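This is what each chain is made of:
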Amino acid sequence: MSDSWIERFPELAALPPQDRAFLTERAAKVALPAGTTVFAPGVAAESFLLILAGTVRVQQVSPGGREIVLYRVTGGETCIMTTSCLLADENYAADGVTETDVEAVAIPKAAFEEAIAQSPGFRRLVFTDYSRRISDLMHVVEEVAFERLDKRLAQRLLARADNSTVVRVTHQDLATDLGSAREVVGRLLKELERRGWVALSRGAIELRNPDQIKALAEGS
């Protein structure tokens, strides 16, 4: 397998030739269509995934069916959940689902463990990304626990709006992103529509008054 994929990861690109060769000999490229379940609760981690292109959404689902997005993994990144499961030899506790078509490189568990033990550069990649993802995850916990839902909704609408101020998303997708129920998000959107700040249509939300939404997003 060509080692050109390594250039997407600066820590790996700087590895000595023998370490690069070790990884490329044992790695395999994988292509996953959108909507593929990459991992699920109770399943053992078998490979360390390095995402080359596309997005994987990592989420947890409550017994009642409510979903919350923990984080997303995109090109040039690794998955903290997979890293944690490989290091601790534990099963997954969340779902990983491809939001888009995904290209990735899979390094089998045995090769991952050997690379961790022998390659300082590979260890640096694993633990640097792990530390950054922990910080991201703590931010999600802080948002869900302490921020008002209307403020978080406004922030999400602004973040997902395209150049025409249109957000192409369903109420359920927004609820999943925010860790709330679809009905609750729907009521908040209806209130924004009543104020004339947004216009709702099937699968899309038009931001009619972005300045007011920005003020809500920045409010305390």
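Criteria and thresholds
- Residues numbered from 1 in each chain as written.
- Predicted model: local features only at pLDDT ≥ 70, side-chain atom pairs only at ≥ 80, totals over all residues.
- Heavy atoms only, no water.
- Domains from an automatic or database assignment.
- Helix = DSSP H or I, 4+ residues; strand = E, 2+ residues; numbered from the N terminus.
- Buried < 20%, exposed > 50% of the residue type's maximum accessible area, 1.4 Å probe, protein only.
- Contact = heavy atoms within 4.5 Å.
- Core = buried A, V, L, I, M, F, W, Y, C linked by side-chain atoms within 4.5 Å.
- Pairing = 2+ DSSP bridges.
- Axes fitted to C-alpha atoms, helices over the stretch in contact; angles between N-to-C directions.
- Left-handed = near helix turned anticlockwise from the far one by under 90°.
- Nonpolar A, V, L, I, M, F, W, Y, C, P; charged D, E, K, R; others polar.

> I tried to follow the domain arrangement of the chain on my own but got confused; where do I start?
Often the size quoted for an interface is simply the accessible area lost on bringing the parts together. Considered domain by domain, the chain is made up of domain 1 (6–145) and domain 2 (147–218). Between domain 1 and domain 2, the C-alpha centre-to-centre distance is 30 Å.

> I would appreciate a short explanation of the environment of Pro 210 in the present structure.
As for its placement among the helices and strands, Pro 210 is situated in helix 9 (residues 210–218). Assessed through its relative accessible area of 32%, Pro 210 is described here as partly exposed. C-alpha separation for the pair Pro 210 and Ala 161, spaced 49 residues apart in sequence, amounts to 9.9 Å. Those residues in contact with Pro 210, other than ones at most four positions away along the chain, are Leu 158 and Thr 165.

> Teacher, can you tell me more about the nonpolar core here?
Soluble globular proteins tend to pack their nonpolar side chains together in the buried interior. Counting 39 residues, the largest nonpolar core has Trp 5, Leu 12, Ile 107 and Phe 122 as the members making the most contacts within it. Elements with a contribution of two residues or more to this core: helix 2 (17–26), strand 3 (47–53), strand 4 (55–61), strand 5 (67–74), helix 3 (80–88), strand 8 (102–108), helix 4 (109–118) and helix 5 (120–146). Sequence-distant contacts of Phe 122, defined by excluding residues within four places in its chain, comprise Leu 12, Leu 15, Leu 23, Phe 48, Ile 107, Phe 112, Ala 115 and Ile 116. Membership of the second largest hydrophobic core comes to 19 residues, among which are Val 167, Leu 174, Leu 192 and Leu 207.

> Which parts of the structure should I look at to understand the sheet that holds strand 9 (residues 166–167)?
In a beta sheet, neighbouring strands pair by backbone hydrogen bonds and run either parallel or antiparallel. Strand order in the open sheet formed by three strands is 9-11-10, and the pairing between neighbours is antiparallel. At either end of the open sheet lies a strand with only one pairing partner, and these are strand 9 and strand 10 (198–201). When strand 10 meets strand 11 (residues 204–207), the two strands line up antiparallel, connected through four bridges. Counterpart to Leu 200 in the pairing with strand 11 is Ile 205.

> Sorry if this is basic, but what is going on with the packing of helix 6 (residues 149–160) against helix 7 (residues 171–178) here?
A packed helix pair is summarised by two numbers, namely the angle formed by the two axes and the spacing between the axes. Axis separation between helix 6 and helix 7 bottoms out at 11 Å; the angle between their running directions is 115°. At the point where helix 6 passes helix 7, the crossing takes the right-handed sense. Judged by residue contacts, Leu 149, Arg 152, Leu 153, Arg 156, Leu 157 and Arg 160 of helix 6 engage Leu 174, Asp 177 and Leu 178 from helix 7. Along the lines of polarity and charge, the residues of the contact of helix 6 with helix 7 split into five nonpolar, no polar and four charged.

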